[in-house]
Structures are given as structure tokens and as C-alpha cells.
Amino acid sequence: MLLETRHFGEIEVDESGIIEFKEGLPGFGDVRKFVLLCDAAEGEYSTFKWLQGVDKPDLAFVIVDPFLIKKDYDIEINDEVCKRLGIEEVQDVKLYSIVVVPEDPAKISMNLKAPVVINVKSKKGAQVVLDTDMYGVRHYILDELRRQGDMVNACTDKKEEPVYNYK
């Protein structure tokens, strides 16, 4: 299936990869079919991905696996959501946070309060608002990465510069 998208131009989408969001996403209830798109070079290991609308190809969300950024992110998916999405095994679940990229890139944030839950086996998804005050809709990614860097150096007398490995 060919889609004419705003961000990627014309792309070929494998229909078997379409994920159905029965209720859409909050604010976008009329868009119920999406596909996951990854950076071509990094494939499924890409840190940031796109949740691309199929019914509305000009709609796409940047998403990220929240566990890659916030290592201690800890949530429970309630039984009603598991039943609705047909979740039977934990390995069938992929969890993502929608990312907001504002004009000031230092303020890039992810929504930890309402993760996108996808059953990769049944190809069903939903954005779930968590019943907790532990997480917010604007969790600043760069601040989180800085905190993790501070944690690494917390018990040392000297501050070391972080080491970045590039391929």
C-alpha cells in the first residue's frame, strides 16, 4: 500500500504491519490505523521511531521506548487494557512515549503519563492514561539524561566527562 506522507513523501507500507487503535489517540479519534516507521540505517534498533497515520497520512508522531531514556520507568497495564488489546504474554507488548520536539531542542520531552501500548502479535494499540501522579506528560529527555550522568558520578570525588561511542 502506498502512502503520501508529510514527513517522508511517498512510502510503501506493508499492510500486515498496520496497527489498529480502536479508539484512536486522544485528540485524534478519527485516525485509527498506524504503522511504525524506523530510521532506515538503524532499523528496529533506532532510538526514535515514527507512529505514522495510515487513515490520515499527514499525521505522524515521534515516539521513543521510554525505558531507553528513563531506566526506572515502572508502570502497570491494567487488566481491562490487556483484555482490550488481547495481551497474553509480556513479550508481545511494545511500549512507547510520544515525543514533543519544540523549537528549542533543549526542551524535547516525552509523555510518560500516557504511554502508547502496542500488542505486536494482535496488531492492536491504545494510548493509556496511567492512574498515577508519578509521571507527567512533559518529561524532559535531556534533563533525564543529565540526571543519569550525575548518578554515574555521584559517588566519586572527580567529575568525569561522559564517554560517547559513535558508530
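Look up: the structure comes first, before these words.
### As for the overall build of the chain
Right, on to step 1. Secondary structure assignment for the chain yields three helices and 11 strands.
Right, on to step 2. In the chain, once contacts between residues fewer than 6 apart in sequence are set aside, the share between residues at least 24 apart is 51%.
Right, on to step 3. Total accessible area on the chain is roughly 11,200 Å²; 51% of this is exposed by carbon and sulfur atoms.

### What to know about the nonpolar core
Right, on to step 1. If you look at the biggest cluster of nonpolar residues, it comprises 20 residues, and the most contacted ones within it are Y73, V99 and M110.
Right, on to step 2. Counting residues per element, this core draws most heavily on helix 2 (residues 79-85), at three residues.
Right, on to step 3. Leave out the neighbours within four places in its chain, and V99 touches F48, V62, I63, V64, I108, S109, M110 and I141.
Right, on to step 4. Formed by 13 residues, the second largest nonpolar core is a distinct cluster that contains F61, I63, I98 and I118.

### Quick word on unusual backbone geometry
Across residues other than glycine, the phi torsion is negative in most instances, and most of the peptide bonds are trans.
Right, on to step 1. The backbone of K123 shows a phi angle near 60°, a positive value even though the residue is not glycine.
Right, on to step 2. As for its placement among the helices and strands, K123 is situated in the loop between strand 9 (116-119) and strand 10 (124-127).

### Some remarks on the environment of R147
Right, on to step 1. Of note, R147 is situated in helix 3 (residues 141-152).
Right, on to step 2. Owing to a relative accessible area of 42%, R147 belongs among the partly exposed residues under this scheme.
Right, on to step 3. C-alpha of R147 to C-alpha of K70: the two residues are 77 residues apart in sequence and 9.9 Å apart in space.
Right, on to step 4. Reaching out from R147, the side chain makes a polar contact with the side chain of E144 at a distance of 2.9 Å.

### Regarding the packing of aromatic side chains
Right, on to step 1. Applying the stated criterion across every chain yields a total of six aromatic pairs.
Right, on to step 2. Taking 5.2 Å as the distance between ring centres and 75° as the angle between the ring planes, the aromatic pair formed by F21 and F34 counts as edge-to-face. You can see F21 sitting in the loop between strand 3 (19-20) and strand 4 (33-37) and its partner F34 sitting in strand 4, a full 13 residues away along the chain. Here F21 matches F34 in class, with each residue buried.
Right, on to step 3. Aromatic side chains F34 and F61 sit 6.5 Å apart centroid to centroid with 45° between the ring planes, which places their arrangement in the tilted category. A residue pair is termed long-range when its members are at least 10 positions apart, and F34 in strand 4 and F61 in strand 6 (residues 60-64) qualify at 27 residues. Here F34 matches F61 in class, with each residue buried.
Right, on to step 4. An aromatic cluster is present here, built from F21, F28, F34 and F61 joined pairwise through their rings.
Right, on to step 5. The side chain of K107 reaches across the aromatic face of Y140, ending 5.8 Å from its centre.

Reading the values: the criteria
Residues numbered from 1 in each chain as written. Predicted model: local features only at pLDDT ≥ 70, side-chain atom pairs only at ≥ 80, totals over all residues. Heavy atoms only, no water. Helix = DSSP H or I, 4+ residues; strand = E, 2+ residues; numbered from the N terminus. Contact = heavy atoms within 4.5 Å. Areas by Shrake-Rupley, 256 points an atom, 1.4 Å probe, with all protein chains shown as cover. Core = buried A, V, L, I, M, F, W, Y, C linked by side-chain atoms within 4.5 Å. Buried < 20%, exposed > 50% of the residue type's maximum accessible area, 1.4 Å probe, protein only. Polar contact = N/O pair within 3.5 Å; in protein donor to acceptor, adjacent residues only side chain to side chain. Phe/Tyr/Trp six-rings, centres within 6.5 Å; stacked < 30°, edge-to-face > 60°. Lys NZ or Arg CZ within 6 Å of the ring centre and 35° of its normal.

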